[in-house]
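Fold and contact review
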Amino acid sequence: MNYAGPEEETPARNGLELTPFPGLRYDPDRVGSLAAVTSPPYDVIVRPDGLLELESADPYNIVRLILPQDHSPAARNQQAADTLRRWRAEGVLTTDSEPGLYVYEQRDGDLLQRGVIGTLRLSEPADGVVLPHEDVMPHIVADRADLMRATSANLEPLLLTYRGDASGCGTAAVVEKTATLPPLLATTTEDGISHRLWAVTDPAGLAEIRADLGRHQALIADGHHRWATYLRLRAEHPSPSPWDYGLVLLVDTARYPLRVRAIHRLLHRLPVAEALTALGDTFRVRRLDVPLADALESLASAATDGNAFLLAGDGAFHLIDRPSPDLLARTIPAGHPDAWRNLDATVLHATLLDHVWGIPEDSPEHIAYIHDTVATVEKAEQDGGTAVLMHPVREEVVRDLARQGVTMPRKSTSFGPKPASGLVLRALTS
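Residues numbered from 1 in each chain as written. Predicted model: local features only at pLDDT ≥ 70, side-chain atom pairs only at ≥ 80, totals over all residues. Heavy atoms only, no water.

Time to look at the packing of aromatic side chains. Pairs of aromatic rings are described using the distance from one ring centre to the other and the angle between the two planes. By the definition in use, this model includes 4 aromatic pairs. Arranged with centres 6.3 Å apart and planes meeting at 65°, the rings of Trp-227 and Tyr-230 form a pair that is edge-to-face. Placement of both Trp-227 and Tyr-230 in helix H8 (residues 224-236) is noted, with a separation of 3 residues, approximately one turn of the helix. Aromatic rings pair up to connect Tyr-26, Tyr-60 and Trp-87 into one cluster. Across the ring face of Tyr-42, the terminal group of Arg-144 is positioned such that the distance to the ring centre comes to 4.0 Å. (Phe/Tyr/Trp six-rings, centres within 6.5 Å; stacked < 30°, edge-to-face > 60°. Helix = DSSP H or I, 4+ residues; strand = E, 2+ residues; numbered from the N terminus. Lys NZ or Arg CZ within 6 Å of the ring centre and 35° of its normal.)

Taken as a whole, this structure holds 23 salt bridges when the rule is applied. We note a salt bridge from Arg-215 to Asp-212, for which the minimum N-O separation is 3.2 Å. Here Arg-215 falls in the exposed class, since its relative accessible area comes to 61%. For Asp-212, a relative accessible area of 8% corresponds to the buried category. Shared partners join several salt bridges into a network, and the residues in it are Glu-105, Arg-114, Glu-176, Arg-196 and Arg-255. (Salt bridge = Lys/Arg side-chain N within 4 Å of Asp/Glu carboxyl O. Buried < 20%, exposed > 50% of the residue type's maximum accessible area, 1.4 Å probe, protein only.)

Before going further, it helps to spend a moment on the nonpolar core. In terms of nonpolar packing, the biggest core is built from 113 residues, with Tyr-26, Trp-227 and Trp-357 touching the most fellow members. Of all the elements, helix H13 (residues 344-357) adds the most residues to this core, at 8 residues. Apart from the residues within four sequence positions on either side, Trp-227 is in contact with Leu-120, Arg-121, Leu-122, Ser-123, Val-130, Leu-158, Ile-220 and Val-248. Leu-288, Ala-295, Ala-387 and Leu-389 belong to the second largest nonpolar core, which has 17 residues in total. (Core = buried A, V, L, I, M, F, W, Y, C linked by side-chain atoms within 4.5 Å. Contact = heavy atoms within 4.5 Å.)

Tracing the backbone shows Arg-265 in strand E14 (residues 264-267). A polar side-chain atom of Arg-265 sits 2.8 Å from the main-chain carbonyl oxygen of Lys-411. (Polar contact = N/O pair within 3.5 Å; in protein donor to acceptor, adjacent residues only side chain to side chain.)

The following block contains the structure:
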């Protein structure tokens, strides 16, 4: 097919513009296994244990690119750039001969998720095409921007969702038809999730996807910091340029609903005893000497009646709920919808972190954001800190707030399953 680069195409003004690109992929003959070179997204890896495990899985694991290790940020980014250059020169990573979109499937037990990976034309939130729902931390955006500049690559796709019309036409029809064909790759990662990838290169299929997605808007499900990084780098490069586009996975959640989980907090320097003392009588506090699963059930039950959290780190669980209405009135910022004011994440950040505990939310020395519940509790117990376990928010709440232009506190949600890093990359230079 004749292929015009993204900078030569007419932008879709009212919706999503997803364009084909020549994927950069591992040569399966040059690595131990495709599963051994993949990793979760960079911000899901629990460091240092998870990082070391991935590094030892295979000398070519993608973690050496998305989380390089060295004595300084500049040295780390240079190392990633040198590694990427070397792997491409050695043929460990090879560029597909024809640009395309990539149908990506994940299967985890009864859960099946399919979507399309491509390069998406970037847009500002005010355009209403791609809707963020969380704030970002400037130091993380700066870190990701430095890495992308050094490597001139999008190393892992963001996860975006849209709501199809359930007609089975357009993108859905192309995805389902493609999934009946032999895949480019198939692997099962250590977590038991199976992954398959196909390329869509025929002009008719590409045109059908383009026309369909041009009628939709998307919600950023995972990757707010990388989206903000895309926008920062686009501003640094005169348009038209490859930086006008960023690598994404688009999933139709009308067809394939995602799981929505909470992201927990680890307060490094705050012991549980001090956290409870600081609460005073502003929350109801109940000690639970039960297994984690039972404690989470108690959290879910309490969350149906209002804000609730589990504190852990001292060998027990402490359920805190029923915050003082007076305290909330004094600490929750006005001028926001009630749905935002009532979020657990809002109460955690505005009331507990800012007012009760005095913990800066953007300081890695004081707070970490961890997706895995067990890991959060274990690290709190090892470090003598406090784990704050959250209850997940419903997807419809997230989408409704995003459509109103209201962003939730950072790291409020974890949508999944997330795309595995390492299955397809995008190089911005040849």
